[in-house]
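Residue-level structural notes
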Amino acid sequence: MRDQLEKYAAKLAADRSALPEAIAFAARDDLLITAGAPDLARLAGGTLSRLNSLALVAASPSLPFAELLVARAPAGDCCIVPQDTETRTFLHDIPFLRKDELSADPSAAIARLLANRKGVIVEGVGIVAVGAITVEQAYINYSSVFHSTFVKYLQDLLADGFLLPGEREAFEEFRSRWLKPISVEGLAFRAMLSEDKDEILAEIESVGRYTVERGLVDSFFGNISARSGDLLYISQTAASLDELKGCIDPVPGDNSSTTGITASSELLAHRKIFEQTGAKAILHGHPKFSVVMSMLCESGDCTIKDCWKDCPRVRHLGGTPVVAGEIGAGGLAKRVPPVIGATGSAIVYGHGVFTLGRQGFGEAFAAMVDVENFCRDEYFRRLDGMEQR
Amino acid sequence: MLHVDLARGRCLRGEIPEELLRAYLGGRGLGVRLMRDYFTLDPFDPDLPLIFAVGPLCGTASPTSARLAAVSRSPLTETIYDCSAGGRFAWRLKASGVDALLVTGRSPEPVLLALDGERAELLPARALWGKGIRETVASLEGRGSVAAIGPAGENGVLFANIMMGEGNSIGRGGLGAVMGAKLLKAIVVNGSGETRVADRERFEAARGDVMRLFRASPVIFGELGIAEYGTPALVDLMAQRRMAPTENFSATFFAASGNYSGPSIRRECGARKDGCYGCPIQCKKSSREGEPLPEYETVNHFGALNGISDLKAIVKANTLCNELGMDTISAAATLSAFGEARGRFPLAEELPALLADTAYRRAEGELLSLGSRRVAERLGRPELSMSVKSLELPAYDPRGAYGMALAYATSNRGGCHLRAYPISHEILRKPVPTDRFSFSGKARIIKIAEDVNAAVDSLVACKFAFFGATLEEYGELLSAATGVDYGPESLKAIGERIYLTERFYNCANCFGVADDTLPERFFREAGTAGEGIEVPPIERARFREELQKYYRIRGLTPEGTFADPSFLDGMP
Ligand code: SF4
Ligand SMILES: [Zn+2]
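Residues numbered from 1 in each chain as written. Chains lettered and ligands numbered in written order. Predicted model: local features only at pLDDT ≥ 70, side-chain atom pairs only at ≥ 80, totals over all residues. Heavy atoms only, no water.

Observations concerning the interface of chain B and chain A
The interface of chain B with chain A comprises 46 residues on the first partner and 52 residues on the second. Roughly 4,100 Å² is buried in total at the junction of chain B and chain A, and carbon and sulfur atoms are behind 55% of that figure. Salt-bridge contacts for B:Arg212 lead to A:Glu326; the nearest nitrogen and oxygen are separated by 2.4 Å. Those elements that provide at least two residues to the side of chain B that touches chain A are α7 (200-216), α8 (218-221), α10 (233-240), α20 (442-459), α21 (471-482), α22 (488-508) and α24 (540-554) of chain B. Taken together, the residues that form the side of chain B that touches chain A break down as 21 nonpolar, seven polar and 18 charged. (Contact = heavy atoms within 4.5 Å. Buried area = accessible area lost by both parts, 1.4 Å probe. Salt bridge = Lys/Arg side-chain N within 4 Å of Asp/Glu carboxyl O. Helix = DSSP H or I, 4+ residues; strand = E, 2+ residues; numbered from the N terminus. Nonpolar A, V, L, I, M, F, W, Y, C, P; charged D, E, K, R; others polar.)

So, the packing of helix α18 (residues 402-410) of chain B against α20(B)
Residue and element names in this part refer to chain B. Here α18 crosses α20 at 55 degrees, and the two axes come no closer than 10 Å. With respect to α20, the element α18 is oriented oblique. Of the two elements, α18 crosses α20, and the hand of that crossing is right-handed. Residues Gly403, Leu406, Ala407 and Thr410 of α18 touch α20, and the partners they reach there are Lys442, Ala443, Ile446 and Glu450. (Axes fitted to C-alpha atoms, helices over the stretch in contact; angles between N-to-C directions. Parallel < 35°, antiparallel > 145°, perpendicular 65-115°, else oblique. Left-handed = near helix turned anticlockwise from the far one by under 90°.)

Things to note about the sheet that holds strand β11 (residues 281-285) of chain A
Residue and element names in this part refer to chain A. Read across the sheet, eight strands follow the order β10-β9-β8-β11-β15-β14-β13-β12 without closing on themselves; strand pairing throughout is mixed. Every interior strand has two partners, whereas the edge strands, β10 (248-252) and β12 (315-317), have only one. In this sheet, neighbouring strand axes are inclined to one another by 25 degrees on average, regardless of whether the strands run parallel or antiparallel. Alignment of strand β8 (residues 223-228) against strand β9 (residues 231-235), held across four bridges, turns out to be antiparallel. Of the residues in β9, the one forming a bridge with Ala226 is Tyr233. Helix-sheet contacts for helix α8 (residues 197-213) involve β8, β9, β10 and β11, and the interaxial angle to β8 is about 160 degrees. Taken strand by strand, helix α9 (residues 267-277) contacts β8, β9, β10, β11 and β15 (352-357), and its axis lies near 40 degrees from that of β8. (Pairing = 2+ DSSP bridges.)

What about the side chain of B:Ser261?
Residues and elements named next belong to chain B. Along the polypeptide, Ser261 turns up in the loop between α10 and α11 (262-269). For Ser261, a relative accessible area of 2% gives the class buried. Non-local contacts of Ser261, meaning those with residues more than four positions away in its chain, are made with Pro232, Val235 and Asp236. (Buried < 20%, exposed > 50% of the residue type's maximum accessible area, 1.4 Å probe, protein only.)

Some words on the environment of A:Met293
Residues and elements named next belong to chain A. The residue Met293 is located in helix α10 (residues 288-294) in this model. Among the residues examined, Met293 registers a relative accessible area of 1% and is labelled buried. Between the C-alpha atoms of Met293 and Ala191, which are 102 residues apart in sequence, the distance is 31 Å. Not counting residues up to four positions away in its chain, the partners in contact with Met293 are Leu317, Cys375, Glu378, Tyr379 and Arg382.

A look at the environment of A:Asp77
All names here are of chain A. Relative to the helices and strands, Asp77 resides in the loop between α3 (65-72) and β4 (79-80). It is 10.0 Å that separates the C-alpha atoms of Asp77 and Leu97, two residues lying 20 residues apart in sequence. When neighbours within four sequence positions are excluded, Asp77 is seen to be in contact with Phe96 and Arg98.

Focus on the nonpolar core
Of all hydrophobic cores here, the largest spans 299 residues; its most connected members are A:Phe171, A:Tyr379, B:Phe52 and B:Tyr474. Looking at this core element by element, the count peaks at 13 residues for helix α6 (residues 135-160) of chain A. Setting aside chain neighbours within four positions, we find A:Phe171 in contact with A:Phe65, A:Tyr153, A:Leu154, A:Leu157, A:Phe162, A:Tyr379, A:Phe380 and A:Leu383. Judged by nonpolar contacts, the second largest core, of 22 residues, contains A:Ala24, A:Leu56, A:Leu97 and A:Ala109. (Core = buried A, V, L, I, M, F, W, Y, C linked by side-chain atoms within 4.5 Å.)

A look at helix α1 (residues 2-14) of chain A
All names here are of chain A. The end-to-end C-alpha distance of α1 is 18 Å, a good match for the 18 Å that 13 residues give at a rise of 1.5 Å each. Listed in full, the buried residues belonging to α1 are Leu5, Tyr8, Lys11 and Leu12. Buried residues of α1 fall within an arc of 130 degrees about the axis and therefore sit on the same side. Residues of α1 that are exposed and point more than 90 degrees away from the buried face comprise Glu6 and Ala14. Looking at the residues trailing α1, positive phi occurs at Arg16, about 60 degrees. (Expected span 1.5 Å × (residues − 1). Arc of directions from axis to C-beta.)

Quick look at the packing of aromatic side chains
Enumeration according to the criterion identifies 41 aromatic pairs over all chains in this entry. A ring pair is formed by A:Phe150 and A:Phe174, whose centres lie 5.6 Å apart and whose planes are at 80 degrees; its orientation type is edge-to-face. Of the two residues, A:Phe150 sits in helix α6 while A:Phe174 sits in helix α7 (residues 167-178), which places them 24 residues apart along the sequence. Like A:Phe150, the residue A:Phe174 is buried in the burial classification. A connected cluster of aromatic rings, assembled from ring pairs, spans A:Phe65, A:Phe146, A:Phe150, A:Tyr153, A:Phe162, A:Phe171, A:Phe174, A:Trp178, A:Phe289, A:Tyr379 and A:Phe380. Taking NZ or CZ as reference, A:Arg16 lies 4.4 Å from the ring centre of A:Trp178, over its face. Above the face of the B:Phe253 ring, B:Arg242 is positioned so that its terminal group lies 3.9 Å from the ring centre. (Phe/Tyr/Trp six-rings, centres within 6.5 Å; stacked < 30°, edge-to-face > 60°. Lys NZ or Arg CZ within 6 Å of the ring centre and 35° of its normal.)

A closer look at the domain arrangement of chain B
All names here are of chain B. Per the domain assignment, the segments of chain B are domain 1 (2-189), domain 2 (218-395) and domain 3 (423-467 + 487-570). Summarising the inter-unit geometry, the C-alpha centres of domain 1 and domain 2 are found 25 Å apart. The interface is formed by 34 residues belonging to domain 1 together with 32 residues belonging to domain 2. Buried area between domain 1 and domain 2, both sides added, is near 2,500 Å², and the carbon and sulfur share of it is 58%. Three residues, Leu76, Phe159 and Arg172, lead the burial of domain 1 against domain 2; their summed loss comes to 28% of the area buried on that side. Here Arg134 and Glu323 are joined by a salt bridge, their closest N and O atoms 3.8 Å apart. Across the domain 1-domain 2 interface, the total number found is 15 residue pairs in polar contact (both at pLDDT 80 or more). For the side of domain 1 that touches domain 2, the secondary structure elements donating two or more residues are β5 (80-86), α3 (88-95), α4 (133-139) and α5 (151-154). Ranked by residue count, the leading element in the side of domain 1 that touches domain 2 is α5, at three residues. (Domains from an automatic or database assignment. Polar contact = N/O pair within 3.5 Å; in protein donor to acceptor, adjacent residues only side chain to side chain.)

The following block contains the structure:
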């Protein structure tokens, strides 16, 4: 199990969601083991030993957004409720503990919150997330909290501006240092994906890795597929896109076999997109600025409350259609396929981006990068505009 | 609570202390707690209670929660035994104001127990005795929802079921025989009360969260998931993973399994959606004619396990078992062990007669009615019973999933896949995947999952709901329904209490480390390799090591027993 702790600590450092020197994991087999930064490791161990779960991560995020959300939250609040899909579907809300609620050993207080939720924010400490049955799960939950707080902070900022002393400076630091340009530079794609199984699998594996490396998706979210005649190759559910070897299901078009029961929850969406567009490859990620911008709706005359699932409109972001719809059998599979063909990409409200390639993954990947870059630019254009006013 | 004493012909209503409901929820937990004064009684002792307990979510709109647990001691395994079953029966029982129905004693004559609102009465049932399930249910039409035994239960077949009118069954451990020994032919319930929900708005929000997770789960509502194809959706998957038990577990791949795969059943039988009352998933399937179609375990066991590829024969065997009131897994696995012992597996056309003989305990059926462990022993080939604690193993070969291997061994009711249900993560990748060929971490995972599922069985909710939802959402439903706050950790703590109580009962009945193991075959023979997958025998030393880890995690001795003989005194 030690190797697992090391593996996921390295992942948190590599995806830059946590400060490399401030990551600790704890896991329990018959014994409790901890690894990482000593103080955090003690906290992780102390907290996990109070829970009927297998693993826990405590780490300081590389960005101050979670902390800032806590500081901005009205006195009396005890959780934040991001509006993105990952929160809505899996986290529900993210409880927090303020500094002044923490005793010398806060593990009991943290465990109390983790008794009901997958991840919490602890002011002055960072994000603590639990994995019910695997170490990976703790990593996934950390990653989801990081993603959701990132999205919510950016949204809140656009709505309310900077509120706290030092906030602007912290954000500038993020903008000028943390954020890196996203591009396709240095990535190799097969221009024309053949029908050959091995070639397709290899290409899906490397494109999956690129998607993670370029920050277009977090933890085990996102999915990817390619069509070969009557077969569809798609990443499995709960598969990390950077580790797809052995995790790609071939699904026959006529449903003559059900081995694809383990395929991604977006299988239906992928199928319909292939049917309606004739594409060869599909990529789906959760790039953060696209998620943020997709939830920025300016139609003031609307009475719909649950936009993420009920919005019937097709809005646009730089020409890319934005539609609503929940994961899986919940509606996204209905709304994305009809709109994605025109531009080769579509954004799902609060969720992520689908892109397609007519001949291979190069086009799909470039499209996703373009959508995210557009959304990023547009976000800062608006933020700066707001600042000037 | 309603206590029915069949010997004296008395029905007594009483209150269950609030404290017990909080500590054990309902369903399995409550039933297990109510067994505290009886757990050493022989399964056929008239004083042994047969308990039907619903949970706090029954009667609400909580998805998959119109369920109950039946609890007693199993004549097949001699362990404490519970089984979860869905359907209107549970719902109407709750609506009669009964959280737990406890039946004791032996009636002098076959009887029928009828509950109608506040009224409970025992009616003569001599005319029903000997009748199959269909006829029994039909003759009780209009009286409410039915739970009945068939000839197998009447005749004491050790794996006789209690069947519900709508086709659900209380299966596996032979509680039908316990009911039969009491001469209780059937129970009809017809309550119409409503279950109060403390906080409607909170309840609806939690319900929405559960439904969203169902839709996000490929296993549940995916195009190839169980809502579409039922559990036979697993046939193709298990074949591909090389872990479909074949010919009494001597192989793990059956070339003709495609004949009874999910898509084949749909094509050949015109499978329609069906399922437990109040469940949005509807994983059960029935034919064009309305005949319930077999589940994954059943198609594999009448199929691959007996080397039979004829879908029609398999469907027929399933129907016959239902009609006779007999567990399909144990029936098929017993035939398979019997087949290997005598050197040939039964032919498809021999199944109906063999099954009928078993239910009526005539000819070879007299022996078969005892289940595979006793059959194999009597034939001098004890190693051929593919069972744990005498419960026949279902259709997941343990050589293909090491968590499953451990979980079969630690299950409190014997070789069952549902106690810890590691197939969920080892095969179906829910909530996250684990390495099926590794024991690493599995002791802890199995322990946690056993706790979780003990809580789930006490809510009562269906295990399949947890291919999507988690205790987080169900805890929220429960909090909203009852007005008492529950979360995953508090529910797991309840689950742990239930699990340890069961284990304590079993230890008191002399179960221990020697019983927590797998049939020899799995440590000696390899499964069928293919598609780049090797299925080696399980490494015995590693298995034992993990079992010892499990004991340490559970706080048990190396013998798998309790260091503290007064453990129960500390329990509520
Ligand atoms: S999922 Fe299937 S078994 Fe479970 S409650 Fe629904 S219909 Fe019944
Ligand atoms: Zn997504």
